[in-house]
Amino acid sequence: LGSDYIYTRHRWIASWTWLHGRHSVNDTITAGLITGRAPMFERFVVGTSSLLRGWNSYDIDPLGGNRLVHNSVDYRYRFADVFYDAGSLWSHGKRPALRHSVGIGAKVSIFSLAVAFPVRTGRVDPVFMVGMNY
């Protein structure tokens, strides 16, 4: 149809959950690949409330990337949550940089509150997140 954007976008998600009473452990792996020239709203972004929590998406890549690898491990007891995220976002031809974050939070019904800490050398910058998941 004469579009300037010719691309394919693939995203794979694998998740594993272990439940024991009120305890649960969830491990989620996300990977993505874009080939061709995609519009900015289709590019991958990390540093959100679900992917690489605690990092600022504009510090990682303000325009998004076309390669994504992310892993998140969450331990939850009742409403309390402890998590560890690791991931990388990059574009074709560039070297990926692995980033990590840890945090704690609480979730009641659809409401969530969390504080995440990006793992960096030399400083600690907590990021507070409040939201609704429905």
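Here, the structure is the one placed above.
Residues numbered from 1 in each chain as written. Predicted model: local features only at pLDDT ≥ 70, side-chain atom pairs only at ≥ 80, totals over all residues. Heavy atoms only, no water.

### Some thoughts on the overall build of the protein
Phase 1: Looking only at helices and strands, the protein features one helix and seven strands.
Phase 2: Each helix (α) and strand (β) of the protein, taken in turn from the N terminus, gives the series β-β-α-β-β-β-β-β.
Phase 3: Seen through its C-alpha atoms, the protein measures out along the principal axes to roughly 55 × 35 × 25 Å.
Phase 4: By the burial criterion, 34% of the 134 residues in the protein qualify as buried.
Phase 5: Nonlocal contacts in the protein, meaning residues at least 24 apart in sequence, comprise 43% of its contacts between residues at least 6 apart.
Phase 6: Accessible surface, the protein as shown: approximately 8,900 Å² in total, 61% of it carbon and sulfur.
Phase 7: The averaged location of the 9 negative side-chain charges in the protein is 2 Å from the averaged location of its 15 positive side-chain charges. (Helix = DSSP H or I, 4+ residues; strand = E, 2+ residues; numbered from the N terminus. Buried < 20%, exposed > 50% of the residue type's maximum accessible area, 1.4 Å probe, protein only. Contact = heavy atoms within 4.5 Å. Areas by Shrake-Rupley, 256 points an atom, 1.4 Å probe, with all protein chains shown as cover. Lys, Arg positive; Asp, Glu negative; His and termini not counted. Charge placed at Lys NZ, Arg CZ, Asp CG, Glu CD.)

### Some remarks on the layout of surface pockets
Phase 1: Put simply, the largest pocket is a space of about 770 Å³.
Phase 2: Considering the residues around the largest pocket, the lining is formed by 32 residues, among which Ser 49, Ser 50, Arg 53, Asp 74 and Asn 133 are closest to the centre.
Phase 3: Elements that contribute at least two residues to the lining of the largest pocket include exactly strand 1 (7–20), strand 2 (23–36), strand 3 (67–77), strand 4 (80–90), strand 5 (99–108), strand 6 (111–118) and strand 7 (127–132).
Phase 4: No other element matches strand 3, which puts five residues into the lining of the largest pocket.
Phase 5: Taken together, the residues that form the lining of the largest pocket break down as twelve nonpolar, 13 polar and seven charged. (1 Å grid on protein atoms, 1.4 Å probe; cavity = no way out; pocket = protein on both sides within 12 Å on 5 of 7 lines; lining within 4 Å. Points joined across faces, edges and corners; volume = space filled by probe spheres on them. Nonpolar A, V, L, I, M, F, W, Y, C, P; charged D, E, K, R; others polar.)

### A few points about the pattern of salt bridges
Phase 1: Summed over the entire model, instances satisfying the criterion amount to six salt bridges.
Phase 2: One salt bridge in this structure joins Asp 85 and Arg 53, with 2.9 Å as the shortest N-O distance. Placement of the pair is Asp 85 in strand 4 and Arg 53 in the loop between strand 2 and helix 1 (57–60), with a sequence separation of 32 residues.
Phase 3: Its relative accessible area of 10% is what places Arg 53 among the buried residues.
Phase 4: Linking Arg 120 and Asp 125 is a salt bridge whose minimum nitrogen-to-oxygen distance equals 3.2 Å.
Phase 5: By relative accessible area, Asp 125 is classed as partly exposed at 28%. (Salt bridge = Lys/Arg side-chain N within 4 Å of Asp/Glu carboxyl O.)

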